[in-house]
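Geometric and topological summary
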Amino acid sequence: MSGISDFNVGYPSYRAPMMGRNAVAASQPLAAQAGIRMLQLGGNAVDAAIATAMALTVVEPTGNGIGSDAFAIVWDGKKLHALNASGRAPAAWSRETFAHLAAMPEIGWDAVTVPGAVSAWVELAEKFGTLPLTTLAQPAIEYARNGFPVSPLIGHLWERGYNKLRDQPGFSACFAPEGRPPKVGELFRNPDQADTLEKIAATNGESFYRGELAEKIVAFAKEHGAALTLDDLKNHKADWVEMLSRPFAGGSVQELPPNGQGIATLMALGILEQWDIGRYEPDSVQWLHLSIEAMKLALVDLERYIADEDHMEFPADLLLSDEYLKTRAALIDPTQAGDFTFGAPKQSGTVYLSTADASGMMVSFIQSNFMGFGSGVVVPGTGISLQNRGAGFVLDEAHPNVVAASKRAFHTIIPAFALDAEGQPLMSFGVMGGPMQAQGHLQMALRIMLAKQNPQAAIDAPRWRVVEGREVSVEPAMQLNTLAALRAMGHKIVVEDPLQTYNFGGAQAIVRDPQGFYIAATESRKDGQALVY
């Protein structure tokens, strides 16, 4: 597998990587199979990605829905394209709207921003797709109308979401019609969502932003005194943007620019290159210590500076300059954990999927309602669950991410891509899971690109997650002597419950082999599946 074949990695790897000329990797098997169906119908990787994404809104509502946001990276066979389909705040929102609160709301209508996922499906289909949207939506429609068995982790998260959101407008009627959340293995139907997906597909999304569905969303908002209007929906637009990149391990890692957090991965990789991280063994004390410290430095800058790119204090790429990253790397003590503050560069619950096809097209796609089911608001008779991305804003007037009219909030969800030394595609990958995402991207890049681990082994490897200050959560599979050494260096190590490993994110990856096939891997901590043919 072109050097990415290390199975002797010192920890269990429960699944083998899948290999074939076409591939789909997703966090729920039925959704992955929807994507494969499109490839077998003659569709391409973009068709497969859209079908998988639409199906995930049905079979994994605990992480996304029709009212989600989305981002995508597409390798069209010659170059990369990046799509930001995140929605904006209602035009009526301002700092004064929330002046009576200590923080932005996390649930209910006051957390709802314009949903962008539908616009992502439409944009991708129009620019790159070969099959009609009505065909791409068919598996999702079938799952919603005929029912699907609730898979194990999703069933667990469904119960948690119900306990938190049961009283939100429309939630229980949609997701707990029997007065309780569905049990694992129970068949769940959502006929309203099936009808909505049919309308979206038949109108190429027009119904959602300008037609019947838009009117239902706005009427429900008005009923509850919410700010979202028909003009907010009509004015939404997904944007094709330029990638941010950073050379690494003989190739490069590619991330979308802000309002997402992908820049933190690139910053951490740049800091680690100053320390020649490749000289250390994977999972050694120094490897982990330096990785954690680099991530902490990147995250404090992320929290201070990143916002809607139109509202940032300076261009994002200044945070990626060699000069700046060298000054940040110099703050790391190789023997002690540090407490860092942001620097000063010189100014001049989510679902992730990956697809690839025999023509060379590859897609890295992510969509999310943000915190599990999102706001908890579900528009009656539609199955449209609305995100809570408004919670991503802050109320500090001096911060670039302060809430404002028609502004995009800081986003946690990020797809990623890697190129080889010749600028050809190496890997489409992502790690869903809130603040874990940039940290997960870093760990995946280190393992697959630098340590040459096969992608399934890299996904199965024990993960760490910077929490706050010197606190770092780790999975119980980590070596006890390694954890003892990290504690001696000042890291506040917290070993998480083995039953809550989903807190360390959900990865999917498809690696391109120069021989003309793909190596696909899926998250062992999720209900997912990697499929090839």
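Residue positions are given per chain, counting from 1 as you read along its sequence in written order. Where local features are concerned, this predicted model is filtered to residues with pLDDT of at least 70; where side-chain atom pairs are given and counted, the filter is 80 or more; whole-chain, interface and lining totals use all residues. Computation of side-chain values covers all heavy atoms of the structure but excludes hydrogens and water.

Per an unreviewed UniProt entry, the protein goes by the name Gamma-glutamyltransferase and belongs to Erwinia billingiae.

1. Let's talk about the overall build of the protein
We count it as follows: Only DSSP runs of H or I with at least four residues qualify as helices, and only runs of E with at least two residues qualify as strands; both kinds are numbered from the N terminus onward. Note on method: radius of gyration uses C-alpha positions; expected globular size equals 2.2 Å times residues raised to 0.38. Using a 1.4 Å probe on the protein chains alone, a residue whose accessible area is under 20% of its type maximum counts as buried, one over 50% counts as exposed, and one in between counts as partly exposed. Here the accessible surface of atoms and residues is derived via Shrake-Rupley with a 1.4 Å probe, and residues count as covered only by protein chains that are part of the display. Note on charges: Lys and Arg go in the positive column, Asp and Glu in the negative column, and His and the chain ends are not counted at all. Charge placement uses NZ in Lys and CZ in Arg. For Asp and Glu, CG and CD serve respectively.
A count of helices and strands for the protein gives 17 helices and 21 strands. Here the C-alpha radius of gyration of the protein, 22 Å, is about what a compact globule of 533 residues would show, namely 24 Å. Each of the three principal axes of the protein carries a C-alpha extent, and together these read 60 × 55 × 45 Å. For the protein, the proportion of its 533 residues judged to be buried stands at 63%. Put simply, the protein shows about 18600 Å² of open surface, and 50% of that area lies on carbon and sulfur atoms. Computed over 41 positive and 57 negative side-chain charges, the inter-centroid distance for the protein is 1 Å.

2. Overview of the sheet that holds strand β2 (residues 23-26)
This is how it is decided: The criterion for strand pairing is that DSSP finds at least two bridges linking the strands in question. Fitting a line to C-alpha atoms yields each axis, with helices limited to the stretch in contact; the angle taken between N-to-C directions then spans 0 to 180 degrees.
Spatial strand order, β7-β4-β3-β11-β10-β2-β21: 7 strands in an open sheet with antiparallel pairing. One side of each edge strand has no neighbouring strand; the edge strands of this open sheet are β7 (239-241) and β21 (529-532). For this sheet the average axis-to-axis angle between neighbouring strands, irrespective of direction, equals 15°. As defined by bridge partners, strand β3 (residues 69-75) adjoins strand β11 (residues 362-368) across 7 bridges and the pair is classed as antiparallel. If you follow F71 over to β11, its bridge partner there is I366.

3. A short note on helix α5 (residues 138-146)
Counted only if it meets this: When checking whether two residues touch, look at their non-hydrogen atoms; a contact exists if any pair is within 4.5 Å.
For α5, every residue scored as buried is listed here: P139, A140, I141, Y143 and A144. Buried residues along α5 sit against α1 (29-40), α2 (45-59), α4 (133-136), β5 (148-149), β6 (187-188) and α8 (191-202).

4. Here we look at the nonpolar core
Applied cut-off: In this description, a nonpolar core means a group of buried Ala, Val, Leu, Ile, Met, Phe, Trp, Tyr and Cys residues linked to one another through side-chain atoms lying within 4.5 Å.
The biggest cluster of nonpolar side chains holds 84 residues, and the ones touching the most others in it are I50, W109, W121 and F365. With 12 residues, the single largest contributor to this core is α2. With 70 residues, the next largest nonpolar core counts F248, I292, F429 and V474 among its residues.

5. Quick notes on empty space enclosed by the protein
Worth spelling out the cut-off: For cavity detection a 1 Å grid was placed over the protein atoms alone, and a set of points counts as a cavity when a 1.4 Å probe fits there but cannot get out; an open set counts as a pocket when protein lies on both sides within 12 Å along at least five of seven lines, with lining residues being those that have an atom within 4 Å of a point. Grid points are joined across faces, edges and corners, and a volume is the space filled by probe spheres set on the points. Only Asp, Glu, Lys and Arg are considered charged in this grouping, and only Ala, Val, Leu, Ile, Met, Phe, Trp, Tyr, Cys and Pro are considered nonpolar; every other residue, Gly among them, is considered polar.
Estimates place the volume of the largest cavity at around 60 Å³. Considering the residues around the largest cavity, the lining is formed by D283, W287, L288, S291, Q443, L446, R447, P462, W464 and M478. A breakdown of the residues in the lining of the largest cavity according to their chemical character gives 6 nonpolar, 2 polar and 2 charged. Space inside the second largest cavity adds up to approximately 30 Å³. Taken together, S27, E60, L153, I154, L157, K526 and D527 make up the full set of residues lining the second largest cavity. Taken together, the residues that form the lining of the second largest cavity break down as 3 nonpolar, 1 polar and 3 charged.

6. Details of the packing of helix α12 (residues 262-274) against helix α15 (residues 436-450)
Rule in force here: Roughly parallel means an angle under 35 degrees; roughly antiparallel means over 145; roughly perpendicular covers 65 to 115; every other angle is labelled oblique. Should the near helix be turned anticlockwise from the far one by less than a right angle, the crossing is left-handed, and should it be turned clockwise, the crossing is right-handed.
Remark: α12 packs on α15, axes separated minimally by 8 Å, with the N-to-C direction vectors making an angle of 45°. In terms of orientation, α12 and α15 fall into the oblique class. Crossing handedness for the pair α12 and α15: right-handed. Counting all contacts with α12, which are made through A264, T265, A268, L269 and L272, the residues of α15 involved are A438, H441, L442, A445 and L446. In the contact of α12 with α15, the residues fall into 8 nonpolar, 2 polar and no charged.

7. What to know about the environment of K296
Among the secondary structure elements, K296 is positioned in helix α13 (residues 285-305). Judged by its relative accessible area of 5%, K296 is buried. Between the C-alpha atoms of K296 and A337, which are 41 residues apart in sequence, the distance is 10.0 Å. Contacts of K296, omitting those with residues within four sequence positions, involve A337, G338, F340, V466, G469 and R470.

8. Here's the deal with the pattern of salt bridges
To keep it simple, the criterion reads: For salt bridges, the criterion is a side-chain nitrogen of Lys or Arg within 4 Å of an Asp or Glu carboxyl oxygen.
Counting across every chain of the model gives 20 salt bridges. We note a salt bridge from K199 to E212, for which the minimum N-O separation is 2.9 Å. One end of the pair, K199, is in helix α8; the other, E212, is in helix α10 (residues 212-223), with 13 residues separating them in the sequence. Using a relative accessible area of 39% as the deciding quantity, one classes E212 as partly exposed. Several salt bridges share partner residues, and in doing so they unite R88, K237, D239 and R408 into one network.

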